[in-house]
Structures are given as C-alpha cells and as structure tokens.
Amino acid sequence: QQQVRQSPQSLTVWEGETAILNCSYEDSTFDYFPWYRLFPGESPALLIAIRPVSNKKEDGRFTIFFNKREKKLSLHITDSQPGDSATYFCAASEDTGANTGKLTFGHGTILRVHP
Amino acid sequence: GALVYQYPRRTICKSGTSMRMECQAVGFQATSVAWYRQSPQKTFELIALSTVNSAIKYEQNFTQEKFPISHPNLSFSSMTVLNAYLEDRGLYLCGARDPGRNTLYFGAGTRLSVL
C-alpha cells in the first residue's frame, strides 16, 4: 500500500501562474512532511517542510497547506518560473524519522513551467 | 555549507558482479546516513538506516547480505550491491543527516546499470 500519494503525476503551467501539487498520506503517526525538488542530474534538495502543529508554512513563493484531519497537504508555487520546472517529491516521516533520515516518499510530480 | 558527495555517479556492472558506492559528508557531521533506491518507474525506497554507534537497520526486502553498509565515522559511509542483477538497476541515493540543522542532505546519486 502506497503510504504517500502525490497528484497529479505531471503538471504544466504558464509562467506567472500558481502551480498546486497535492500529497496525501496514510499513516497517522507521520508528523514531519518535507518537500524535495529534483532537477535532472542533481541531488534532491529540501525545499520546504511542515509539522502538523501548523496548517500553513510559507517560504517565499512556496507555501504548504496542511490538513491533518484529511491527511492531505499541498504545495503551492506562486508566480511560477521556468526555472521551477523539476520533479517535486512529497515525503513523510515520524519525528524520529526526521531526526534519523527515514523518509517515505511519494512518486513525485513532474512540473513544467512554460514561458 | 553542507554538502554530500556521492560517487561514482554512474556505474555499469556485469550481472552477478558487485559494485560499491561511497558517500562523503562535507561541512557537517552525519550522525545518520540513509541509503535509498529509486528503481525504474518507482519512487525512492529506503534500503537501510545507519546511525553511528548503533546497528544498521535494514528495511523489509533489503538485507545486509545483499547490501552491506559501512559507516566507520561521521563523514563517510559506503554501500555495496553484491551479485547485482537486473532488478538492482536504479538510482541509489545516500542521505546524510546534519543534526545541527535537523536536515537530511542527499548526494547526487549513483546510477547503476546491470548488463
């Protein structure tokens, strides 16, 4: 059973639009949710993360909205730029996992931003 | 800044042979190292979690006999894929945790092809 699900599988937006990437999870013990961005040939890089004590986390153009009751979260990228084109992975772990490195990843959403 | 070097970036091995990949943390002390694999059409799966001064913990479907790991100090870890076959193809990532920043940094990955 897939513990972390992402949708859509791929997403295309125009430059300047807001891209919305969705994520849901199964395990109620998950309490740390990082998003990683992966450019081809590079390392997955931590973009932004949230813990359930908050329902929103903002960092520049990137915002996570979190709904603990529904076990859903979404990453919003406002004013999308062509340079944002990449694969975005939603991940989850128990807090001890965040401290040790044990993450459960979704399958990723491929984002393309057209100029 | 914190960096994780992983090498080799790509490797090709003959079916039934073994290959070793290495992971070096630079700029921080990696108290734990997690090894992941992304098989074709799949997401990142945790192979094992290695914490200094603790036993290495392997996930279901992965064993020490197949993926022996060495984590001798706070900056270096290596993993070997023994008797590699087609199903072992994929991108192997090491993630090293920086406890000071409570962040998991990934290497660029080792892409394994098996002939």
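Just so it is clear, the model here is predicted, and its values are computed rather than measured. (Residues numbered from 1 in each chain as written. Chains lettered and ligands numbered in written order. Predicted model: local features only at pLDDT ≥ 70, side-chain atom pairs only at ≥ 80, totals over all residues. Heavy atoms only, no water.)

**Notes on the overall build of chain B**
Within chain B one finds zero helices and eleven strands. Written out in order from the N terminus, the α and β elements of chain B read β-β-β-β-β-β-β-β-β-β-β. Computed over C-alpha atoms, the radius of gyration of chain B comes to 13 Å, within 12% of the 13 Å expected from 2.2 N^0.38 for 115 residues, which places it in the range of a compact globule. When its C-alpha atoms are laid out on the principal axes, chain B stretches across 40 × 25 × 25 Å. The buried share of chain B, reckoned over its 115 residues, is 50%. Long-range pairs, those at least 24 residues apart, make up 54% of the contacts in chain B between residues at least 6 apart in sequence. Surface accessibility of chain B: about 5,600 Å² in total, with carbon and sulfur atoms responsible for 49%. Put simply, chain B has 12 plus and 7 minus side-chain charges, and the middle of one group is 6 Å from the middle of the other. (Helix = DSSP H or I, 4+ residues; strand = E, 2+ residues; numbered from the N terminus. Rg over C-alpha atoms; globule rule 2.2 N^0.38 Å. Buried < 20%, exposed > 50% of the residue type's maximum accessible area, 1.4 Å probe, protein only. Contact = heavy atoms within 4.5 Å. Areas by Shrake-Rupley, 256 points an atom, 1.4 Å probe, with all protein chains shown as cover. Lys, Arg positive; Asp, Glu negative; His and termini not counted. Charge placed at Lys NZ, Arg CZ, Asp CG, Glu CD.)

**Some words on the pairing of strand β8 (residues 72-77) of chain A**
Residues and elements named next belong to chain A. Across the six residues that make up β8, a large majority, five, are buried. Where strand β3 (residues 19-25) and β8 come together, six bridges link them in antiparallel fashion. Within β8, the position partnered with Leu-21 by the bridge is Leu-75. With six bridges joining them, strand β7 (residues 62-67) and β8 adopt antiparallel strand pairing. By the bridge assignment for β8, Thr-63 is matched with His-76. Linkage of β7 to β8, two consecutive antiparallel strands, is achieved through a turn of four residues, within which Lys-71 is found at a positive phi near 55°. (Pairing = 2+ DSSP bridges.)

**Examining the packing of aromatic side chains**
Within this structure, the stated rule accounts for 15 aromatic pairs over all chains. When the centroid spacing of 5.2 Å and the interplanar angle of 80° are considered together, the rings of Tyr36(A) and Phe106(B) count as edge-to-face. One end of the pair, Tyr36(A), is in strand β4 (residues 33-38); the other, Phe106(B), is in strand β10 (residues 103-106), on a second chain. Classification of Phe106(B) as buried rests on a relative accessible area of 5%. Relative to Tyr105(B), the ring of Phe28(B) lies with its centre 5.6 Å away and its plane at 50°, an arrangement referred to as tilted. Here the residue Phe28(B) occupies a position in the loop between β3 (19-26) and β4 (32-38), and Tyr105(B) occupies one in strand β10, the gap between them amounting to 77 residues. (Phe/Tyr/Trp six-rings, centres within 6.5 Å; stacked < 30°, edge-to-face > 60°.)

**Details of the nonpolar core**
Formed by 25 residues in total, the largest nonpolar core has its most connected members in Trp35(A), Leu73(A), Leu75(A) and Tyr88(A). Those elements giving two or more residues to this core turn out to be β2 (10-14), β3, β4, β5 (45-50), β7, β8, β9 (86-92) and β11 (109-114) of chain A. Beyond its immediate stretch of four places on either side in the chain, Leu75(A) contacts Ala19(A), Ile20(A), Leu21(A), Trp35(A), Leu47(A), Ile48(A), Phe62(A), Thr63(A), Ile64(A) and Tyr88(A). Formed by 24 residues, the second largest nonpolar core is a distinct cluster that contains Val4(B), Trp35(B), Phe62(B) and Ala96(B). (Core = buried A, V, L, I, M, F, W, Y, C linked by side-chain atoms within 4.5 Å.)

**Quick notes on the interface of chain B and chain A**
Across the boundary between the two partners, chain B contributes 20 residues, which contact 20 residues of chain A. Between chain B and chain A the total buried area reaches about 1,600 Å² when both faces are included, carbon and sulfur atoms providing 54% of it. The largest per-residue losses of area from chain B upon contact with chain A belong to Thr43(B), Phe44(B) and Phe106(B), which jointly make up 32% of the total buried on that side. Summed over the shared surface of chain B and chain A, the number is one salt bridge. In this structure, the salt-bridge partner of Lys102(A) is Glu59(B), at a minimum N-O distance of 3.4 Å. Our enumeration of links across chain B and chain A arrives at seven residue pairs in polar contact (both at pLDDT 80 or more). (Buried area = accessible area lost by both parts, 1.4 Å probe. Salt bridge = Lys/Arg side-chain N within 4 Å of Asp/Glu carboxyl O. Polar contact = N/O pair within 3.5 Å; in protein donor to acceptor, adjacent residues only side chain to side chain.)

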